Each structure stands twice: as structure tokens, then as C-alpha cells.
Amino acid sequence: MSNQGKIIVAIDGHSSCGKSTMAKWLARQVGYIYVDTGAMYRTITLFAMRNGLITSDAKIDQDGLKEALDKAEISFTLDPDTNLPLACLNGEVVEKEIRGMEVSSLVSPIAALPFVREKLTVQQKAMGEKKGIVMDGRDIGTAVFPQAELKVFVTASAEVRARRRFLELQEKGEQNLDFDEILKNVQERDYIDSHREMNPLRQADDARVLDNSDLTIDEQNQLLLKMFNETIQNSEELIVESGEVSNL
Ligand code: DC
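First, a word on scope: everything that follows refers to the structure included in this document. Here the structure is a predicted model, which means the values were calculated and not measured. Along each chain, residues carry numbers from 1 onward, in the same order as the chain's sequence is written. Given that this is a predicted model, residues contribute local features only at a pLDDT of at least 70 and side-chain atom pairs are listed and counted only at 80 or more, while totals for whole chains, interfaces and linings are drawn from all residues. With hydrogens and water set aside, each side-chain value is computed from the structure's full complement of heavy atoms.

Quick word on the sheet that holds strand S4 (residues 85-89)
The pairing criterion for strands is at least two bridges between them, as found by DSSP. Runs of E in the DSSP output that reach at least two residues are strands. Runs of H or I that reach at least four are helices, and both are numbered from the N terminus. Spatial strand order, S3-S4-S5: three strands in an open sheet with antiparallel pairing. Pairing within the sheet leaves two strands with one partner each, and these edge strands are strand S3 (74-78) and strand S5 (92-93).

This is the structure in C-alpha cells:
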């Protein structure tokens, strides 16, 4: 299929703010590829856990992880039922493992390591070479695709996000859930993600803000689709005005 007229959509924001839900929905709606970069950081975290390179209190064997990282091959495979991407570690689907509380509580310090970010950023940039992609994460509009045609910064209050995460985990059948612990985890992750040295979470200057604290899923999806359509329309008008043939 031609990539003429296709754009890059970069969606960033805090954890558990519904980025992935809307990014997935938009990708399906407009026939783009969807990439969840959080899943990639989570998969590296699982790799570190399985290889004894991180302890449960987040002590990381950085030299060991750096050396072993070449052996962690991260990819996605499409779920035949939903057609959505599932994260794989060395060919094994690890979608369930990377969504649990253990990985969630260890992923931020792993994602703060510059050598981990470098490896994943290179892979993410390559995935967007042909455009036609919706990628969500923390640094997509600032570091991975600073040239993205549409950048959206999604946010919602920490309490709203913790409540959503609680319900999501409950639905997945996780036992002994403690709301305060989940809220603390959300706040801690916000802090680490926004204060790390390399590519911290921040709103790109040219990003559009989408606060979904008081929006339903359908409302937020429609707002995102509106932003997408406006961006496509503006790009097309620019091409017509300048008379240029662009590979936008
Ligand atoms: O979106 P998520 O909760 O699955 O992300 C998991 C962690 O990975 C989170 O602590 C932030 C980090 N992350 C990141 O640093 N950069 C990205 N592009 C995506 C996620």
C-alpha cells in the first residue's frame, strides 16, 4: 500500500491515562500500525527479572544488563483474534507477564537507563520510517519522532488514572488489590518518568493537549480522530498551496 498522504501520530502522556486505548482505536480506525513503546520497556524489564539482573527492590545490575541486552530481541506479533499487537521477548508472547504489578513497579528505573533507551529508540525510529504509524509512549513527540505531524499529550489526574488501573487489574483477575498502593505506584512512576535525565516525559512545544479526566472513552476517541483529520487536512492544504509533490 502506498504511504502517500500518511503521517506519524505521536501520543505521549502519563502512565495509565488511556493513551494506549485511544492510540489503538485510532490506528484501527485509520488503518495505521500501532506501536505501544511502554510494552517494549516492560519487556526489557521482564528480561532483566528473568535473568536475575534486577532485584524486587529495584537494584539493577547495570553492567550485566548492558552486556546481556543484545540477547533481548523485542518484537510484536498480531493477535489473530483481535488483530492487535502482542509483545514478544525472543519470539515468546509475554503480553500477560509484562502487565502485572511486578513489572509495573520495576519498569521506570529500567526505562531511565540511557543504554536501554538508546536501543529501543533506534528500533522505534525504524518502525516509523514508512509513516502510517500511531506510536504511544513518553518521549515519542520529543525524542523518537520530533518531526511527527500530529503530537498529542494526554493527561488525567493521578486519582482518575489509579482508579482506571485498579479496575483494569481487577478485570484481569489480579487478587489483593490495594487502591492506595496503585495510586502510589502511579505517582512514583510520574515522578521518575518526568525527572529522569534522558528524554524525560514532557509535553512537546507543538503538542496538542488532551485531558481526559472527565471524558468517556468514546469522547476521547472522537477528539483524537478530529485532531487526526485536521492534521491530514492541513497537510493536504499545505501541499496544494505550495504546489509541491510531497511524500507526506
Ligand atoms: O505506558 P506504560 O505504563 O506501559 O509504560 C511503562 C513504563 O515505561 C513507564 O514507567 C514509562 C516507561 N516508558 C518510557 O520511559 N518511554 C516510553 N516511550 C514508553 C514508556
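Structural notes on unusual backbone geometry
Non-glycine residue Asn 83 carries a positive phi angle of around 65 degrees. Counting through the fold element by element, Asn 83 comes out in the loop between S3 and S4. For each residue, the accessible area found with a 1.4 Å probe, counting protein chains only, is set against the maximum for its type, and the residue is called buried under 20%, exposed over 50%, and partly exposed in between. Residue classification places Asn 83 among the exposed residues on the basis of a relative accessible area of 53%. In the Ramachandran plot, Asn 176 falls in the positive-phi region, its phi being about 50 degrees despite a non-glycine side chain. Structurally, Asn 176 is set in the loop between helix H8 (158-171) and helix H9 (179-195). Taking relative accessible area as the criterion, Asn 176 reaches 77% and is therefore assigned exposed.

Here's the deal with the environment of Ser 104
Position of Ser 104 relative to the elements: it lies in helix H5 (residues 101-111). Here Ser 104 falls in the buried class, since its relative accessible area comes to 0%. C-alpha separation for the pair Ser 104 and Thr 45, spaced 59 residues apart in sequence, amounts to 8.9 Å. The contacts of Ser 104, once residues within four sequence positions are left out, are Arg 42, Arg 99, Arg 165, Asn 185 and Arg 189. Counting of polar contacts relies on pairs of N or O atoms within 3.5 Å, with two restrictions inside protein: one atom must be capable of donating a hydrogen and the other of accepting it, and residues adjacent in sequence are counted only when both atoms are side-chain atoms. A polar side-chain atom of Ser 104 sits 2.9 Å from the main-chain carbonyl oxygen of Gly 100. In what follows, a contact means two residues having at least one pair of non-hydrogen atoms within 4.5 Å.

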